[in-house]
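Given next are the chains, with one letter for each unit.
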Amino acid sequence: MAIAETGQSSAASPLVTQLHGWVTTVDHKRIGILYILMSLFFLVVGGVEALLIRLQLWVPNNTLIGPDTFNQLFTMHGTTMIFFVVMPMLSGFANYLVPLMIGCRDVAFPRLNALGFWLALFGGCILYTSYFTGDALYGLGSAPDVGWFAYAPLTSPAYARGGSVDYWILGTLVSGVGTLTFAVNLIATILTMRAPGMKLNQVPLFVWMMLVDAGLIIVAFPPLTAAQIMLLLDRYAGAHFFDTQAGGSAILWQHLFWFFGHPEVYIMALPAFGIISEIVPVFSRKVIFGYASMAAATAAIGFISLGVWAHHMFTVGLDDRLDAFFSAASFLIAVPTGIKIFNWTATLYGGRLQLRTPMLFALGFLGMFLIGGLTGIMLATVPVDWQVSDSYFLVAHFHYVLFGGSLFALMGGCYYWFPKATGKMLSETLGAWHFWLLFVGFNLLFGPMHIAGIMGMPRRVYTYEAGQGWDFWNQLSTIGAFIMGIGFLIFFINLVLSLRSGQKAGDDPWDAWTLEWATSSPPASYNFEQIPTVRSRRPLWDLKHPEDPDWKYE
Amino acid sequence: MSKPNVDEEIPIPPPVESEFPLSPAQVGMATFLCSEAAFFSTLVVAYLIYLGEDQTGPTPAESLSLTRAVINSAFLLGSSGTIMLAMNARKAKSLNGFSVWMFGTITLGVLFLVGTAYEWEELIYQDGLTIGRNLFGTTFYTLIGFHAFHVTLGLVLLTVITFLERAGRLSAKSEATELVSWYWHFVDAVWIVIFGVVYWMGT
Amino acid sequence: QTPEMFDPASPDAIEIRELFYLVLAITTLIFVLVGGALAYFIYRFRDPPGAPRDDSEPPQIYGSQPIEIAWTLAPTLIVLVLSLVVIRSVIAMRSEPPTEGTLRVRAVGHQWWWEFEYPEFGFTTANELVIPTSDADAPTPVYLQLESADVIHSFWVPKLAGKTDLVPAKTNRMRLEANAAGIYEGRCAEYCGTQHAKMLIRVTAVSPAEFEKWVADQQRSAAVAASVDAGRQIFMDQACANCHTIRGEPAIGKFGPDLTHLMSRHTIASGVLENNRTNLADWLTDPDQAKPGSRMPNMRLSPTEVKQLVDYLMTLE
Ligand code: HEO
Ligand code: HEM
Ligand SMILES: [Cu+2]
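Along each chain, residues carry numbers from 1 onward, in the same order as the chain's sequence is written. Key to labels: chains lettered from A, ligands numbered from 1, both in the order written. Only residues with pLDDT of 70 or above have their local features reported here, since the model is predicted, and side-chain atom pairs are shown and tallied only from 80 upward, although totals for entire chains, interfaces and linings are computed over all residues. Note: side-chain values were computed over all heavy atoms of the structure, leaving out hydrogens and water.

As annotated in an unreviewed UniProt entry, chain A carries the name Cytochrome c oxidase subunit 1 and comes from Blastopirellula marina DSM 3645. UniProt positions are given in the numbering used here, feature names are shortened, and annotations may be inferred rather than shown by experiment. One UniProt comment on chain A, placed under Subcellular location (unreviewed entry), says "Cell membrane". In its Pathway (unreviewed entry) section, UniProt records this for chain A: "Energy metabolism; oxidative phosphorylation."

Structure representation (structure tokens):
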């Protein structure tokens, strides 16, 4: 099965040729890796921004960072983390894994795929050139400072003079178009290119969840694009979509943005669910509990998540009936999400848990996501939201689901599939350090934010007065942030060291069951010498246990 | 990277036939059109939300002409028919029939654009309706403009595909022509919605 | 220090607290159950470190319909109950329209300060909202009519109520009630630009009698004392008068806070500085010191002018 001829062996070719190969590549695996590298780069950038935010909030009345810079920092941090860290990382994983998992040679449209990546990267570059050329009110080099959801009319020319907001619009718009091409490609690939015998209800759960994810992207991103175009027309063509002076509506922007924004949070969560659904069974040595209900729950989440967006607008003063509806819909989404949590937990039951690094991250995910999901329920309780909305309690909620949820899962995915992509194992020792520093730092950072929020601390403030009981919790948060920074440092060290001199991985280091482990590590450019034929959800289990194959039970 | 070597060493087996009723390209096009539908829905919703919210005119009733819209619609709807005939001709392997019907489609499309241009000219110079005039202008030009932009794009695609077919550059199995016709039908369908929302309801 | 939202001073805020306790209890219970199971399973089924490697696979369990149905139905029931509770309390807290004879205040959010107009009494003040206390048995709530002059803001005084946004071209309503006299602090809770952080609110609740006296005081026109004529002159001649109103004087600007009774307020610059001579002088010298980016320009006054102006302002009791 192993095929000698892989990326590594061409070390002899000069660097320029190699780089040229990467830049012009249309191989889904390389594009996947490019996405992940891009994401890691922006993770550092967004992380440094977050550390600066935390430094400024270390003590009350701190003067380290002025208001304008601070407001730019949280805008850039939020935009970067969502559009240029989580999105490319999940695109990267999907790109790398989906064709391998469904047993095909590449995605449906390889060149479109490359275009998608370059658009995403280009979008990130546009956003960051604002630091060098955005000629806002404050002179040369001014990043957008309107928050990651850029509420109107703060983005209108009257309040956002200069060009910095345009960089936000264009950067996210361009990368959004890239994301759309990614989704089109993914859907076509999953629907039409599965290995012979692999029915749609036999794909690995990661693939299934990516299919729903791509569907959400198709429905949710175009409205954002449209809204951004409207905003551009307002800013440059004299249109009045969000111009409240001329009858336009600031609330229309909120509806359009959150119609994208809420599905977007699930777009970031579903791939994480998918990764967890791969890692938990393998390291429990058990089949996933309730595949069918897992798949159904995913579809339900995708569907319901299109109908809850106004829970971001409970304080806007909508109609009572709307508030009630969106509150109930938000509660409802707890049911399918709960099913997932229960199924993962049940998969652990009776297993033989191997607490390797991917599993550590997966278990960390389960705990953190549970907390974040439950605070989401509190936020969806409308009157409670009137108190804690836009406070640090909310900041805590979404970091628990986004960071403790999505990013922990993606980190676990890095440890799990790194051996496949590089042929080397990541160091388990450094991995454990990475995990524990992240886990402890994370809870120290975002746990206290719940309390700061309940004590009345609003989000997006560059400074605060002493004596409100906020100081201590902020200091804990800042300490946690730096502990986490060290954790990430170890991760990067681990990546470099293991790539250089890690243990050889072999084709199937985790003794796993999905098709990507049936080919060499790293896989040849054509993935499989022979396209496998599939009869069940765990083709490699069938291979390894001919006496007790899965297809008997499905 | 030395991919070529690989190909020489190990012959790649033929691609696997899929059990799915649609081809990858068809699924791709269908998904793309879904996203386009989401895009246009947003513009239509914005139009509907602001309908009748203006304090200053002109209003749709004052400035839009249903007659002209009907004529314009006839061009575009007709072009959906002609492109269907072109596809039939293509299936019957009649290159000339295909070319004639494609030419008809393109002509109708151009006529539609000319009609739109004529309408806009009148709106701008006689009624003084610009994108900045009021909310109707804002939403109207954005919606109609994006639709017209799609028509223009479609016309370019139709022209290119016709020339490629005539030059024999597309294999008989190529799906490109078929997919372009899907796109054209979609643009048409969007117009039907626009006609209902903007012209029918408005006047 | 009890968090303010758990130490409420109005019926609405109390109801929110009860609701908060309810969801907190429900979610804590779920957390303990699910998290407990998770922790126990990890502990119970982990591969003991150091044990000899065992390559046999544990029994494979593909699912169980009864169990799965059970854990679909149980959460559904919980969220059904929660939904009903929420619907009830939203309606209770929002729908009551102001009856005749209630006190109304028009609150307008500006970058980065608050305008409070008392339409029935015909005066306007800023940043510090004064309301009469309300008896829990015979409530006399104040109704705020929330508007914005520029971007979106949000009015939040945790002890008195949840937050409600002030949206341009939209008028929101909010019920405000304080059962005990005192100063309730709050802040703008929707990011509104550079100085969002320094857009604080103080609600002063006083007894109805004191409130009447306060209203009477506010209704008077501004004090005019000859001794501070120099400062007054500077105020009217410089651009100050273009942006600030001093009732009874030629100053009728609307861009900044009404200063007619400036000295009746405890703070300036939307709660950022204590209202005293030093701070006033510093503020006039350079508003950006305390509030960088503030919409009040640096008027480039000489120290003498500052002193004279402050002398004048200090008479605006
Ligand atoms: C990955 C991202 C992610 C995820 C998965 C979620 C999940 C949820 N969120 Fe959150 N969110 C996310 C990301 C965000 N949310 C936000 C804001 C936000 C707000 C607006 C608050 C405000 O602005 O005032 C509400 C009301 C919610 C609610 C919810 C709910 C109900 C869920 C549910 O899906 C959670 C479901 C999971 C549960 C409940 C746990 C497991 C279930 C079990 C164990 C079953 C039993 C449980 C019950 C019966 C209750 N979120 C914002 C802020 C944006 C901004 O303003 O900047 C972000 C980024
Ligand atoms: C190093 C780790 C991180 C730290 C220390 C951190 C810290 C913070 C803080 C303090 C804020 C609030 C800023 C404010 O309201 O003034 C914030 C906002 C935010 N963070 Fe993070 N964060 C981290 C990682 C992440 C990750 C991984 C994500 C997403 C996947 C994320 C997404 C966001 C978003 C969307 C916002 C809101 C931005 C806005 O208000 O416009 N963060 N972060
Ligand atoms: Cu949401």
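Next up on the list: the overall build of chain A. Scanning chain A from N- to C-terminus turns up 16 helices and zero strands. In terms of overall dimensions, chain A has C-alpha extents of about 70 × 50 × 40 Å along its principal axes. Classification of the 554 residues of chain A by burial places 70% in the buried group. For chain A, restricting intrachain contacts to residue pairs at least 6 apart in sequence, the fraction spanning at least 24 positions comes to 82%. Between the centroid of the 26 positive side chains of chain A and the centroid of its 31 negative side chains there is a distance of 10 Å. Helix and strand definitions follow DSSP, with helices as H or I runs of at least four residues and strands as E runs of at least two, each counted in order from the N terminus. Accessible area is worked out with a 1.4 Å probe on protein chains only. A residue is then buried under 20% of its type maximum, exposed over 50%, and partly exposed in between. Contacts: residue pairs with any heavy atoms within 4.5 Å of one another. Residues scored as charged are limited to Lys and Arg (positive) and Asp and Glu (negative), so that His and the chain ends carry no count. Charge placement uses NZ in Lys and CZ in Arg. For Asp and Glu, CG and CD serve respectively.

A separate point is the coordination of the iron atom of ligand 1. Only nitrogen, oxygen and sulfur atoms qualify as donors, and only when within 2.8 Å of the metal (3.2 Å in the case of Na, K and Ca); with water excluded, sites may look incomplete. Its sole protein donor being His397(A) (NE2), the iron atom of ligand 1 sits 2.2 Å from that atom. The distance between the iron atom of ligand 1 and the copper ion (ligand 3) is 4.4 Å.

In any sheet, the strands associate via hydrogen bonds between backbone groups, in a parallel or an antiparallel arrangement. Residues and elements named next belong to chain C. Sheet architecture is open: five strands sit in the order β4-β10-β9-β6-β7, paired in mixed fashion. Strand pairing shows two members of the sheet lacking a second neighbour, β4 (128–132) and β7 (164–166), which therefore form its edges. Each adjacent strand pair in this sheet contributes to an overall mean axis angle of 25°, direction not counted. For two strands to count as paired, DSSP must find a minimum of two bridges between them. Bridging between strand β6 (residues 153–156) and β7 involves three bridges; their strand directions are antiparallel. Paired with Ser 154 across the strands is Asp 165, a residue of β7. Axis lines are fitted through C-alpha atoms, for helices just across the contact stretch, and the angle between N-to-C directions can take any value from 0 to 180 degrees. This element, helix α3 (residues 208–219), spans β4 and β10 (200–206) of the sheet and lies at about 130° to β4.

Looking now at the pattern of salt bridges. Here a salt bridge means any side-chain nitrogen of Lys or Arg lying within 4 Å of a carboxyl oxygen belonging to Asp or Glu. Applying the stated criterion to the full structure yields 27 salt bridges over all chains. Here Arg352(A) makes a salt bridge to Asp47(C), at a shortest N to O gap of 3.4 Å. Placement of the pair is Arg352(A) in the loop between α10 (334–348) and α11 (357–380) and Asp47(C) in the loop between α1 (11–45) and α2 (65–94), with the two residues belonging to separate chains. In this structure, Asp217(C) and Arg220(C) form a salt bridge, with 3.9 Å as the shortest nitrogen-oxygen distance.

Residues and elements named next belong to chain A. We call a residue near a molecule or strand when any one of its heavy atoms sits within 4 Å of it. Taken together, 27 residues lie near ligand 2, and His 77, Val 86, Trp 148, His 399 and Arg 460 sit nearest. We call two N or O atoms a polar contact when they sit within 3.5 Å, provided that within protein one can donate a hydrogen and the other can accept it, with sequence-adjacent residues counted only if both atoms are side-chain atoms. Within the side chain of Tyr 392, one N or O atom sits 3.4 Å away from an oxygen atom of ligand 2. At a separation of 2.8 Å, a nitrogen atom of ligand 2 approaches a polar side-chain atom of His 399. Elements that contribute at least two residues to the shell around ligand 2 include exactly α2 (28–56), α3 (67–101), α13 (392–422), α14 (428–454) and α15 (471–501).

Within the fold, Arg460(A) resides in the loop between α14 and α15. This buried residue, Arg460(A), is left without a salt bridge; Glu190(C) holds the nearest opposite charge, at 4.5 Å. Apart from the residues lying within four places of it in its own chain, the contact partners of Arg460(A) are Phe70(A), Phe74(A), Gly147(A), Trp148(A), Phe149(A), Tyr191(C) and His196(C).

Okay, the coordination of the copper ion (ligand 3) next. All names here are of chain A. Protein ligation of the copper ion (ligand 3) involves His 262 (ND1), His 311 (NE2) and His 312 (NE2), the donor distances falling in the range 1.8 to 2.1 Å. Summarised as a motif, the one-chain spacing of the donors to the copper ion (ligand 3) is H-x48-H-H. Under the relative-accessibility criterion, His 262 is labelled buried at 5%. Assessed through its relative accessible area of 29%, His 312 is described here as partly exposed.

All names here are of chain A. Axis separation between α2 and helix α4 (residues 110–133) bottoms out at 10 Å; the angle between their running directions is 15°. By the angle between their directions, the pair α2 and α4 is classed as roughly parallel. Once α2 is placed against α4, the crossing between them reads as left-handed. The segment α2 lies against α4, with His 28, Ile 31, Leu 34, Tyr 35, Met 38, Phe 42, Val 45 and Glu 49 engaging Pro 110, Asn 113, Ala 114, Gly 116, Phe 117, Trp 118, Ala 120, Leu 121, Gly 124, Tyr 128 and Tyr 131. Three categories are distinguished: nonpolar for Ala, Val, Leu, Ile, Met, Phe, Trp, Tyr, Cys and Pro, charged for Asp, Glu, Lys and Arg, and polar for the others, with Gly belonging to the last. Considering only residue class, the contact of α2 with α4 consists of 14 nonpolar, four polar and one charged. Any angle that falls under 35 degrees is termed roughly parallel, while one over 145 is termed roughly antiparallel, one within 65 to 115 roughly perpendicular, and all others oblique. Two helices crossing with the near one rotated counterclockwise from the far one by less than a right angle form a left-handed crossing, whereas a clockwise rotation gives a right-handed crossing.

Not every one of the 35 residues close to ligand 1 is listed here, only the nearest: Trp148(A), Tyr266(A), Asp385(A), Ser389(A) and His397(A). Taken together, the residues near ligand 1 originate from chains A and C. In the environment of ligand 1, an oxygen atom lies 2.5 Å from a nitrogen or oxygen atom belonging to the side chain of Asp385(A). The contact in question runs from an oxygen atom of ligand 1 to an N or O atom on the side chain of Arg459(A), over 2.8 Å.

Below, the discussion takes up the nonpolar core. Buried Ala, Val, Leu, Ile, Met, Phe, Trp, Tyr and Cys residues that are joined via side-chain atoms within 4.5 Å together make up what is termed a nonpolar core. Phe140(B) and Phe155(C) are the most contacted members of the largest nonpolar core, which has 311 residues in total. Counting residues per element, this core draws most heavily on helix α7 (residues 250–284) of chain A, which supplies 21 residues. Formed by 29 residues, the second largest nonpolar core is a distinct cluster that contains Met236(C), Ile268(C), Val272(C) and Met299(C).

Before going further, it helps to spend a moment on the interface of chain A and chain C. Taken together, the contacts link 94 residues of chain A with 81 residues of chain C. For the pair chain A and chain C, the summed buried area comes to about 7,500 Å², and 67% of that belongs to carbon and sulfur atoms. Accessible-area loss on putting two parts together, using a 1.4 Å probe and summing over both, is the definition of buried area adopted here. Interface area lost by chain A to chain C is led by Arg352(A), Trp386(A) and Gln387(A), which between them contribute 11%. Taken together, chain A and chain C are joined by 24 residue pairs in polar contact (both at pLDDT 80 or more). Looking at the side of chain A that touches chain C, the elements that each hand over two or more residues are α3, α7, α8 (291–304), α9 (320–332), α10, α11, α12 (382–388) and α14 of chain A. Here the element with the most residues in the side of chain A that touches chain C is α10(A); it accounts for nine residues. Class assignment of the residues belonging to the side of chain A that touches chain C gives a composition of 53 nonpolar, 27 polar and 14 charged.

In this assembly, 45 residues from chain A lie in contact with 39 residues from chain B. For the chain A and chain B pair, buried surface summed over both sides reaches about 3,400 Å², with 74% attributable to carbon and sulfur atoms. Summed over the shared surface of chain A and chain B, the result is zero salt bridges. Looking at the side of chain A that touches chain B, the elements with two or more residues in it are α1 (15–23), α5 (164–192), α6 (205–237) and α7 of chain A. Here the side of chain A that touches chain B takes 10 residues from α6(A), the largest share from any one element. For the side of chain A that touches chain B, the per-class residue count stands at 26 nonpolar, 14 polar and five charged.

On to empty space enclosed by the protein, then. Residues and elements named next belong to chain A. Residues are called lining when one of their atoms sits within 4 Å of a cavity or pocket point, these points coming from a 1 Å grid over the protein atoms alone, where a cavity is a set in which a 1.4 Å probe fits but cannot get out and a pocket is an open set with protein on both sides within 12 Å along at least five of seven lines. Grid points are joined across faces, edges and corners, and a volume is the space filled by probe spheres set on the points. For the structure shown, the criterion picks out four cavities of 30 Å³ or more. Quantified by volume, the largest cavity comes out at close to 170 Å³. As for the largest cavity, its lining consists of 13 residues, of which Ser 277, Glu 278, Pro 281, Thr 514 and Arg 538 are closest to the centre. In terms of residue count, α7 provides more of the lining of the largest cavity than any other element does, four residues in total. Within the lining of the largest cavity, the residues separate by chemical class into eight nonpolar, two polar and three charged. In this model, the second largest cavity occupies a volume close to 80 Å³. Along its surface, the second largest cavity is lined by Tyr 35, Met 38, Phe 83, Met 87, Pro 88, Ser 91, Ala 120, Ser 175, Gly 176, Gly 178, Thr 179 and Phe 221.

Here we take up the sheet that holds strand β3 (residues 123–126) of chain C. Residue and element names in this part refer to chain C. Strand order in the open sheet formed by five strands is β3-β2-β1-β5-β8, and the pairing between neighbours is mixed. Strand pairing shows two members of the sheet lacking a second neighbour, β3 and β8 (172–176), which therefore form its edges. The sheet shows a mean angle of 25° between the axes of neighbouring strands, direction not considered. Summarising the sheet, strand β2 (residues 113–118) and β3 pair through four bridges and their orientation is antiparallel. Along β3, the bridge assignment pairs Glu 115 with Ala 126. Together, β1 (103–110), β2 and β3 form the strand contacts of α3, whose direction differs from that of β3 by roughly 100°.

Residues and elements named next belong to chain C. Every second residue of β6 is oriented toward a common face, with His 153 and Phe 155 on one face and Ser 154 and Trp 156 on the other, all of them buried. Alignment of β6 against strand β9 (residues 182–188), held across two bridges, turns out to be antiparallel. In the sheet register, Phe 155 faces β9, and the bridge partner there is Cys 188.

Glancing now at the side chain of Gln254(A). By the secondary structure assignment, Gln254(A) is in helix α7. Exposure remark for Gln254(A): the relative accessible area of 0% places this residue in the buried category. Residue contacts for Gln254(A): discarding those within four places in its chain leaves Tyr151(A), Met313(A), Val316(A) and Ile152(C).

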